[in-house]
Amino acid sequence: MSPWLRQHRFAFAAAMSTVRKAPGSFLFNVLVVALALALPFAGITLLDNVRPMSEQLSVDPEVSLFFQPGATREQAQSVEPQLRQILQGSHARIVFVPREQALDDLKERSGLSAALDTLGENPLPDSYVMKLDGFSSAADAARIDSIVERMGALPMVDTVQVDSSWVKRLAALLGILRLALLLLALTLGVVVIAVVFNTIRLQVLTQREEIAVSKLLGATDNFIHRPFYYTGALLGLCAGAVALGAVTLALHPLNGAIAEFARLYASEFQLAPLAPLEVAGLLALSAGLGLMGALLSVQRHLARMR
Amino acid sequence: MIEFHSVSKQYSADATALSDVSLNIEKGELVYLAGPSGAGKSTLMKMIAAIERPSSGRVIVFGQDIGKLKKPGIPFLRRKLGLIFQHQRLLNDRNILANTMLPLLVAGAPKGGAEQRARAALDKVGLLERAKAHPLELSGGEQQRVAIARAIVNRPQIILADEPTANLDRVAADKVLDALRAFHSVGVTCLISTHDEQVLDGAARVIRLEHGQLVGGAL
C-alpha cells in the first residue's frame, strides 16, 4: 500500500474511532443535519416528479374558436380565409373540426358514449382549432389577446378560447417553486455547514492535546487535518442518507393520499423516489457540504491553536 | 550536530529567556543542560525542535538554520528528534503501545511494522509486559519510560529530554537516566536538561545556564 493511501486509511480509521467513542453525539448531529437536508430533498423529489408532467404539456397557445349553435357549415367554413388573414405573419396551423368529429372525439375521450347518445342531437358546434408557434414573451401574450379579440368579432362566432394560459401559469409556478427550492437549499446548505463547523470545532477542542503531541512528534498539518475532514464528510454523508431515507419512506403514505386525489382526474399519478444517479448526486453533495464545514472549521480553529 | 550562534530569545521587552548563547554539540555526545528553574533550559530545547524561533542569532540543527526553516519542513526535522518532556504528555485515551506507535504512524509507517517496533521500544525500557495498560495505570517513573520508548521508537539521531526526572523519586529517576545513557551508548546524541545536581554526577559535559546566559560548559 502506498504511503499516501496508508495515511488516508489511518485518517479514516481515526475518524471512525472518534465516531465510536461518542456515537450518541454523532447520531444527534446526523439527525440535526438530516433535518436540514430533508426539506430540500423532499422538494427536489416533488419537482422531479412534476417536471416531466409539465414538460409533456404544450406551452404553445392553442386557440379554439366555437360558432354559435345556429351557424351553418358553409358560414363556418367561409370564415377560414379571414382567420388566415388575422393570423398572417404567425406560424399557425388551422384545423376545422366539424361538430360530428367533435362529438366522436368527446365520446372516445370521456367514455360517456352511452350518455351522449341519449341526447338525440349533437349539442356541439363547428369549431376551429389553431396551434400557434413562437408565442412565449409578454409581447406575444398581448398579440394573442388582440388575435382573440379580432376572431371574436367575426360573424356567427360564439366563443374564442385560449387553452395555453393555465399551462403557462403552471410553468411559471414551477419556475417559482424551483427558485424557492434553490434559495431554501442554499439557506439549509449554510445550516449544514454551520452544524458541521461547530461539531468539528468541539472535536478540535476535545483533541487539543492529541493534536499538540502529534505535532511535536512530527505530524504534518495534513496528517492532523485529514481525520476531521473525514468526520465532516461522514457526517454529511450519513445525514444525506437519513434524509433521503426519510423522504423515500414518506412517499408511501403520501402516495396513498395522492392516488385518491388523482383518481378524481382519471390519473394514476404517483410520486416516485429519485433515480439512483440523483440519489448518488445528493449523497455526494451532502458529503461535500460536510467536508466544507469541516474544512472551514479546521482551518480556523487549528490556525488559532498555532 | 547542534550549533547555537549568539542566540537570544525575548518573549517581550522585559522577558528575556536566552541572551547571546553560543554552543556546539557534536554527534554522539551526551550533554547535560543544568540550571535553576527559569534559566532558559526549556527555551533552548524548544529551539532545537523548532517549537520556538530565536529572536536573534542562529540555531543550526542537522545543518539546517532553524530560523529560516519553512513551516512544512518542521515535521520532518522533528521526526529526526526524540522529544521527552517533564510531564510526559502521553495520551490517556489509549494504551501505552498505541502511545509508543504514534511517532511511526505520524511518519506514515504501516501499522503492523509500527506495532512491532513499538513493542521493541517498550521492551528496551522494560515495559513490554504492560503494553496494554493505559498511562494513568502507571507510576510516574513508568510513564516517563513510556515517553522514552516513544522518543526512541523512530530511531532518532538526537534525544532531547527536558527535565525527565523532575517529578520522580531517586530509584525511578535512575532507571530513566539509565535508559537514556543506554541509547547514548549506541551513538544517539542526547541533551538532558535538569535542575537536579545529583543527576550530574559523573557527567562528561555539563552546559550551565543562569538567567538565560551561559555560565559554563559551552565549547
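Residues numbered from 1 in each chain as written. Chains lettered and ligands numbered in written order. Predicted model: local features only at pLDDT ≥ 70, side-chain atom pairs only at ≥ 80, totals over all residues.

Draft legend 1. Seen up close, the pairing of strand β10 (residues 213-216) of chain B. All names here are of chain B. Pairing between strand β9 (residues 205-210) and β10: three bridges, direction antiparallel. For Leu-209, the partnering residue across the bridge sits in β10 and is Leu-214. Between β9 and β10, which follow one another and run antiparallel, lie two residues, and His-211 among them has a positive phi close to 50°. (Pairing = 2+ DSSP bridges. Helix = DSSP H or I, 4+ residues; strand = E, 2+ residues; numbered from the N terminus.)

Draft legend 2. View of the pairing of strand β7 (residues 158-162) of chain B. Residues and elements named next belong to chain B. Counting buried residues in β7 gives five out of five residues, a clear majority hidden from the surface. Burial along β7 is two-sided: Ile-158, Leu-160 and Asp-162 facing one way and Ile-159 and Ala-161 facing the other are all buried. The sheet contact formed by strand β6 (residues 81-84) and β7 spans four bridges and is parallel. Bridge pairing links Leu-83 to Leu-160 in β7. Bridge count between β7 and strand β8 (residues 189-194): five bridges; the pairing is parallel. By the bridge assignment, Ile-158 is partnered in β8 with Thr-189. In this fold, the crossover linking β7 to β8 by way of helix α6 (residues 170-185) has right-handed handedness. (Buried ≥ 20, exposed ≤ 12 C-beta atoms within 10 Å, placed from the backbone. Right-handed = clockwise from strand over helix to strand, strands pointing away.)

Draft legend 3. Spotlight on the interface of chain A and chain B. Tallying the contact residues gives 14 residues for chain A and 14 residues for chain B. Breaking the side of chain A that touches chain B down by element, the ones donating at least two residues are α1 (3-21) and α9 (208-216) of chain A. Here the residues of the side of chain A that touches chain B are counted per class, giving seven nonpolar, four polar and three charged. (Contact = placed C-beta atoms within 7 Å. Nonpolar A, V, L, I, M, F, W, Y, C, P; charged D, E, K, R; others polar.)

Draft legend 4. Looking closely at the environment of B:Leu168. Residues and elements named next belong to chain B. Looking at where Leu-168 falls in the secondary structure, it is placed in the loop between β7 and α6. Spatially, the C-alpha atom of Leu-168 lies 30 Å from that of Phe-4, the residues being 164 residues apart in sequence. Setting aside anything within four residues of it in sequence, one finds Leu-168 in contact with Gly-140, Gly-141, Gln-144, Ala-173 and Val-176.

Draft legend 5. Region of interest: the environment of B:Gly113. Secondary-structure assignment places B:Gly113 in helix α4 (residues 111-124). Sequence separation of B:Gly113 and B:Gln10 is 103 residues, and the distance between their C-alpha atoms is 43 Å.

Draft legend 6. Here's a closer look at the sheet that holds strand β1 (residues 2-12) of chain B. Residue and element names in this part refer to chain B. Across the sheet, four strands lie side by side as β2-β1-β4-β5; this open sheet has antiparallel pairing. If you trace the sheet from one side to the other, it starts and ends with β2 (15-25) and β5 (64-65), each paired once. In terms of strand pairing, strand β4 (residues 56-61) meets β5 through two bridges, oriented antiparallel. Following the sheet pairing, Val-61 is matched in β5 by Gln-64. On the sheet, helix α1 (residues 41-48) packs against β1, β2 and β4 and is oriented at approximately 60° with respect to β2. (Axes fitted to C-alpha atoms, helices over the stretch in contact; angles between N-to-C directions.)

Geometry only, nothing functional implied.
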